[in-house]
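Below are the chains, spelled out letter by letter.
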Amino acid sequence: MFTPSLSIKRTLLTGSVLALLSSKALAHYPTLDCIMLDQNIQCVAGYSDGSVAFNEAVQVLTYDDVLIVTHTTNDDGEVVIIPPKGEYYIVFNPGHEEPAEFDYAEF
């Protein structure tokens, strides 16, 4: 029967602790849900665990990735956007995982 040495046990324990403490291990992917409401766009930014993303940036960009406007979500993860002219998409990128995007064509 194989019995791991003390150094192997320490290495495994250290690796496990680091994995648990890493932001990737605890991260949830971002979500972005948008609807057209009273001639404006209302979006809710959040995470896959159901929590909302409050005080986070939501950007509106052209298809050429030119920034049109940046808004900050409120305490409920909501932001209201005046629809720009032309083609655009909305992005919530908290800086980990892949950003959540919503294309104007989805309305």
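Computed from a predicted structure; not experimentally measured. (Residues numbered from 1 in each chain as written. Predicted model: local features only at pLDDT ≥ 70, side-chain atom pairs only at ≥ 80, totals over all residues. Heavy atoms only, no water.)

K.L.:
An account of the pairing of strand S7 (residues 100-103) is needed here, citing residue identities and associated values.
P.N.:
Only one face of S7 is buried: it carries Ala100 and Phe102, and the other face, with Glu101 and Asp103, is open. Of the pairings in the sheet, the one linking strand S6 (residues 88-92) to S7 comprises 4 bridges and is antiparallel in character. Its bridge partner lying in S7, Ile90 is registered against Phe102. (Buried < 20%, exposed > 50% of the residue type's maximum accessible area, 1.4 Å probe, protein only. Helix = DSSP H or I, 4+ residues; strand = E, 2+ residues; numbered from the N terminus. Pairing = 2+ DSSP bridges.)

K.L.:
Explain the sheet that holds strand S1 (residues 30-37) residue by residue, including any values.
P.N.:
Sheets are built from strands paired through backbone hydrogen bonds, the pairs being either parallel or antiparallel. Reading across the sheet, the 3 strands line up as S1-S2-S5 and stay open at both edges, with antiparallel pairing between neighbours. Looking at the sheet topology across the chains shown, the edges are occupied by S1 and strand S5 (78-81). When the angles between neighbouring strand axes are averaged without regard to direction, this sheet yields 20 degrees. In terms of strand pairing, strand S2 (residues 40-47) meets S5 through 4 bridges, oriented antiparallel. (Axes fitted to C-alpha atoms, helices over the stretch in contact; angles between N-to-C directions.)

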